[in-house]
Amino acid sequence: MSLKNYTYHRRSTWPVRVGCVELGGDNSIRLQSMTSTSTMDSEGSVEQIKRIVDAGGEIVRLTAQGVREAENLADISARLREAGIGTPLVADIHFNPRAAFAAASRVEKVRINPGNFVDPGRVFKKIDYTDEEYAAEIVKIEEGLVPLLDICKQHSTALRIGVNHGSLSDRIMSRYGDTPAGMVESALEFLRVCLKHDFRDVVISIKASNVGVMVETVRRLVAAMDAEDMHFPLHLGVTEAGDAEDGRIKSAVGIGSLLADGIGDTIRVSLSEEPELEIPEAARIARFISGLSAGKPVNPVAVPDGYNEFSPSRRKSVWSDRLPQVVGLDIPAGDMRDAITLLAEDGLTDGVAELLSADSAKVVVLDSKDANAIGHLKAFMMEMVNRGLENPVIIRRGYGDMAEEDMIIAASIELGSLLLAGFADGVWIESERLSRDRLNDMALAILQATRMRISKTEFISCPGCGRTLYDLQSTLRDIKAATSHLKGLKIGVMGCIVNGPGEMADADYGYVGAAAGKISLYKGKECIEKNIPTEDAISHLIALIKANGDWTEPQD
């Protein structure tokens, strides 16, 4: 067994300067967003960046799909500086190293995607490599990356190595599969080159639309970097999180669970909405996490051998065969009178342990009044595992008169962290402001974000950027209106093909921008119909769902 200390503390990272903003090290969690304008539209981009900055954004990213767009970043930057705005700009590059070379002298940071910077774009084809052939491919990465590092050194430009689950190369997929291990190795290959050439101005991100996959992969990456004495700062985000409350909850569960572990230096809440609306949500997450440091120290607890800290299984209990329960929906609150209510920070005493051991059906309602409730709750639950106690545990969190917008974030982080750790058989949210029905809906949305319990359609939608080929926000609203009754179905709505097919590998159906005014439809990874006029695409999507037997008529 090893000991685990759940007291909150930040992971130590190397500081990286991005223009006038330093992140990592002892700096606060930095907030950022990305424009949705065309990068060739200087005026529109500048106005949108101003709105992001006014909302509190500290770093702004723009797409640069070609050299022309990369070169125009200089004009956007000049206009902002003339207006007295020094906010660092980041060029987002896919498929086009020449665009990265052009951007590196014009902006403060360049983001490249290991899945398509040197390796060709994926076609989901399995390739068999000998070890010698694979080693030769690694050499190609160095040959392709070093010229960019040289430009970045010359201009004091930082680099973000941004891995996306949806755009792993066929080379990585062929050796590691569509796995967190493949995502981690995709990042490490580039990081090793950076260190070999003494370049440390690197931020790393590793994202997925599946919250559980995203959290597991980042944890694996941190462990792998620690093993190689790498301490690069991390950018966190759940890609294609969607919009409205579901998008906010998915982001808060994923980003917040990692930040609560002390992992993460800069964050983006990706929403299929106007980009300035992302910043207040990111700020709420950062504020909540900053409050954890006020918590009392958590006593270290033994972690049993074989415990999977990256992707824990649900703890064994007498309710293991049930979906996680919601008090107030599945169980009347009055039925909890017979449960034993405990505060996690009081610890699991021998007397309580004996009581629970004598009656494994006895329900535990576990709460905490400490600022770092997450740490105390996890430590208590780990002690129950160590003692072999299989009593059902309901995690209760009360939020008093907290504003609804803040409560959504707080509950998502706290309950999401416990659910992803496998430590909850049920959840119970209390509030002086919100109705029981509203609280139940919130609980179900948090459970859906962790995929512990599916109660509605899941929409995997990107936030849109300068590559988006149609009106994504209105289209997403129309698709939701037509398909939100299809419980359990996952539908991807993507602005372009950069991550579309890959990120939708987890979706049942996909709606992807193929060209201006044209849509392609997918079933899983397979493209079923190409270049449908935008005005006809939703009806074609419905027809595809019907043809595969997944359609039901909405109930009145």
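Our subject is the structure that appears above.
A few points on the structure. (Residues numbered from 1 in each chain as written. Predicted model: local features only at pLDDT ≥ 70, side-chain atom pairs only at ≥ 80, totals over all residues. Heavy atoms only, no water.)

## Considerations on the packing of aromatic side chains
(1) Moving on: The full count for this structure, using the stated rule, is 3 aromatic pairs.
(2) Moving on: An angle of 85° between the planes, with centres 5.0 Å apart, marks the rings of tryptophan 14 and phenylalanine 232 as edge-to-face. Residue tryptophan 14 is found in the loop between strand 1 (2-4) and strand 2 (16-18), and its partner phenylalanine 232 is found in the loop between helix 7 (211-227) and strand 10 (234-236); the two are separated by 218 residues along the sequence.
(3) Moving on: What makes tryptophan 14 buried here is its relative accessible area of 17%.
(4) Moving on: Its relative accessible area of 0% is what places phenylalanine 232 among the buried residues.
(5) Moving on: Ring centres of tyrosine 129 and tyrosine 134 lie 5.7 Å apart, and the angle between their planes is 85°; on these two criteria the pair is classed as edge-to-face.
(6) Moving on: You can call tyrosine 129 partly exposed: its relative accessible area is 25%.
(7) Moving on: Residue tyrosine 134 is classed as buried on the basis of its relative accessible area of 6%.
(8) Moving on: The ring of tyrosine 134 is capped by arginine 175, whose NZ or CZ atom sits 4.0 Å from the centre of that ring.
(9) Moving on: For lysine 523, the ring lying beneath its charged end belongs to tyrosine 509, and the centroid distance is 5.0 Å. (Phe/Tyr/Trp six-rings, centres within 6.5 Å; stacked < 30°, edge-to-face > 60°. Helix = DSSP H or I, 4+ residues; strand = E, 2+ residues; numbered from the N terminus. Buried < 20%, exposed > 50% of the residue type's maximum accessible area, 1.4 Å probe, protein only. Lys NZ or Arg CZ within 6 Å of the ring centre and 35° of its normal.)

## A look at the pairing of strand 14 (residues 340-343)
(1) Moving on: Here strand 14 shows a clear split, with Ile340 and Leu342 buried on one side and none of Thr341 and Leu343 buried on the other.
(2) Moving on: Both strand 14 and strand 15 (residues 364-367) contribute to a ladder of 4 bridges, which runs parallel. Considered in strand 15, the bridge of leucine 343 is made with aspartate 367.
(3) Moving on: One crossover worth recording links strand 14 to the parallel strand 15 by way of helix 10 (residues 350-358), and it is right-handed. (Pairing = 2+ DSSP bridges. Right-handed = clockwise from strand over helix to strand, strands pointing away.)

## Observations concerning the packing of helix 6 (residues 180-196) against helix 7
(1) Moving on: In contact at an axis separation of 9 Å, helix 6 and helix 7 are set at 40° when each is read in the N-to-C sense. Compared by their axis directions, helix 6 and helix 7 come out oblique. Regarding helix 6 and helix 7, the two cross each other, and that crossing is right-handed. Touching Pro180, Met183, Val184, Ala187, Leu188 and Leu191 of helix 6 are Val213, Glu216, Thr217, Arg220, Leu221, Ala224 and Met225, all from helix 7.
(2) Moving on: Partitioning the contact of helix 6 with helix 7 into residue classes produces 10 nonpolar, 1 polar and 2 charged. (Axes fitted to C-alpha atoms, helices over the stretch in contact; angles between N-to-C directions. Parallel < 35°, antiparallel > 145°, perpendicular 65-115°, else oblique. Left-handed = near helix turned anticlockwise from the far one by under 90°. Contact = heavy atoms within 4.5 Å. Nonpolar A, V, L, I, M, F, W, Y, C, P; charged D, E, K, R; others polar.)

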